[in-house]
Amino acid sequence: MIPEIETKSAIEIKIFQEAKLKIALEYLSENSPFYKRQFENYAIALSDIQTLEDLSKIPVTTKDDIQQFNDNFICVPKSKIIDYVTTSGTLGDPVTFALTDPDLERLAYNEAISFACAGVSSEDTLQLMTTIDRRFMAGLAYFLGVRKLGASIIRVGAGVPELQWDSIIKFKPTYLIVVPSFLLKLIEYAKQHNIDLNASGIKGAICIGEAFRNDDFSLNTLGKKITAHWNIELFSTYASTEMSTAFTECKAQQGGHLHPELIIAELLDDQNQPVKEGEIGELTITTLGIEAMPLLRFKTGDMMKAHKKPCTCGRTTLRLGPIAGRKKQMIKYKGTTLYPPAMENILNNFSTLECFVIEITHNAIGTDEILIKIAAQEPSELLLGQIKDHFRAKLRVTPKIEWCDKYLIDALRFPKLSRKPILVIDKRK
Ligand SMILES: [Zn+2]
């Protein structure tokens, strides 16, 4: 089930998207209070926007814009809204998104073709291990997508390994929809209860929320830990409430495919100009076919690379690589641009490390400094040297690394009122 447009030439896809963009712009200029005002304030004539390149004439939309003018983004009267969701608000206040009936239909279509991209068919049964309520869009999208695809779903929800295994044994699902680190909990439970993981009938996991691949698409420490115990395929997905669209890996697992009928993607630098091919940029999206809250050139804050070569799966569409990091966490260090996830990944490779914390500061001349505090039961110069070598090999630079007491690091990692361990302390600003 590959939509026809996804196997066309790059130029055909571009022309297709330009026609869709035109419709989206006309819709915004008629129905969106926010964009109507933007077009007026910046004297943008819609006739000036004919190609994807012309998008650069339109100012970008930021998370701050949506927070500040949330209601002005809604293009429909309240009576047309069916479902309300909110963003997770990991950085900043959550914002509200609304969906109309056609928006829910679009969401269902998006998720159905995303599942199909990962190889899921109407013969499959999927076990949902995320919440479907709590104003969370993704859980609902999964349900609607499975229904549209004609597959089956078991809505177990998040957590509770015992109930998850009970459902796996009872209903024999073939795929799991899951936060990848939770798979480690399922593995642990299975080992404790003599459940044969590889006889469970699970073929693969559609993963959400955490990276399990390196920049070159090989498995990172988390991905390797999972597959070392459980012979299943892992599919990465990248999605957000703002996009109402998922980028999901195909069988080739070389990045998440863009669906040209649903979204336009740009990768921009600090000046909001497109980055050179192969370089990391901030994903900036324009939604297509959305009725209630369409977005134009929305800067996601996620830094990543795009891959444009046709894929072995037959699709010719752009693929997005793993998220290198959040734009706010970008570090300029000794002439190199670094993101905390790459450093965390290197440190996670050393199983003898008990814990670590990464501190980022501004030094006297205004550039970034990195100090990594590590703890181990048996600290040694040899281990420290190995870690430094690994940094040099993978990231071309070695930050300052020092041994520290485990309790001191834990005090930094678990400040009062924090429910999750903090791995990065950013003291800049
Ligand atoms: Zn592919």
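Residues numbered from 1 in each chain as written. Predicted model: local features only at pLDDT ≥ 70, side-chain atom pairs only at ≥ 80, totals over all residues. Heavy atoms only, no water.

Some details on the packing of helix α7 (residues 180–192) against helix α8 (residues 221–229)
Now for step 1: Contact pair α7 / α8: the axes reach a minimum separation of 10 Å and the direction vectors enclose 30 degrees. Compared by their axis directions, α7 and α8 come out roughly parallel. Relative to α8, the crossing made by α7 is left-handed. On α8, the residues touching Pro180, Ser181, Leu183, Leu184, Ile187 and Lys191 of α7 are Leu222, Lys225, Ile226 and His229.
Now for step 2: Tallied by class, residues from the contact of α7 with α8 come to 6 nonpolar, 2 polar and 2 charged. (Axes fitted to C-alpha atoms, helices over the stretch in contact; angles between N-to-C directions. Helix = DSSP H or I, 4+ residues; strand = E, 2+ residues; numbered from the N terminus. Parallel < 35°, antiparallel > 145°, perpendicular 65-115°, else oblique. Left-handed = near helix turned anticlockwise from the far one by under 90°. Contact = heavy atoms within 4.5 Å. Nonpolar A, V, L, I, M, F, W, Y, C, P; charged D, E, K, R; others polar.)

Section: the pairing of strand β18 (residues 353–362)
Now for step 1: Most of β18 is tucked away, with 7 of its 10 residues classed as buried.
Now for step 2: Looking at chain direction, β18 and strand β19 (residues 368–376) are connected through 9 bridges and run antiparallel. Note on β19: the bridge partner recorded for His362 is Asp368.
Now for step 3: With antiparallel pairing between neighbouring strands as the criterion, β18 and β19 make up a hairpin whose turn holds 5 residues, including Gly366 at a positive phi of roughly 85 degrees.
Now for step 4: For β18 and strand β21 (residues 424–426), the ladder comprises 3 bridges, and the chain directions are parallel. Considered in β21, the bridge of Ile360 is made with Asp426. (Buried < 20%, exposed > 50% of the residue type's maximum accessible area, 1.4 Å probe, protein only. Pairing = 2+ DSSP bridges.)

Points about the domain arrangement of the protein chain
Now for step 1: What the domain assignment reports for the protein chain is domain 1 (1–325) and domain 2 (330–426).
Now for step 2: Its C-alpha centre places domain 1 at a distance of 30 Å from the equivalent point of domain 2.
Now for step 3: Of the roughly 590 Å² buried at the junction of domain 1 and domain 2 (both faces included), carbon and sulfur atoms supply 49%.
Now for step 4: Counting the contacts that link domain 1 with domain 2 gives 0 salt bridges.
Now for step 5: Counting every contact that joins domain 1 to domain 2 gives 2 residue pairs in polar contact (both at pLDDT 80 or more). (Domains from an automatic or database assignment. Buried area = accessible area lost by both parts, 1.4 Å probe. Salt bridge = Lys/Arg side-chain N within 4 Å of Asp/Glu carboxyl O. Polar contact = N/O pair within 3.5 Å; in protein donor to acceptor, adjacent residues only side chain to side chain.)

Some remarks on the pattern of salt bridges
Now for step 1: All told, the structure shown has 24 salt bridges when counted by the stated rule.
Now for step 2: The shortest N-O distance in the salt bridge between Arg297 and Glu266 comes to 3.0 Å. Of the two residues, Arg297 sits in the loop between β11 (281–287) and β12 (298–304) while Glu266 sits in strand β10 (residues 263–268), which places them 31 residues apart along the sequence.
Now for step 3: Look at Arg297 and you get buried, because its relative accessible area is 1%.
Now for step 4: Taking the shortest distance from any N to any O, the salt bridge between Glu359 and Lys427 comes out at 3.8 Å.

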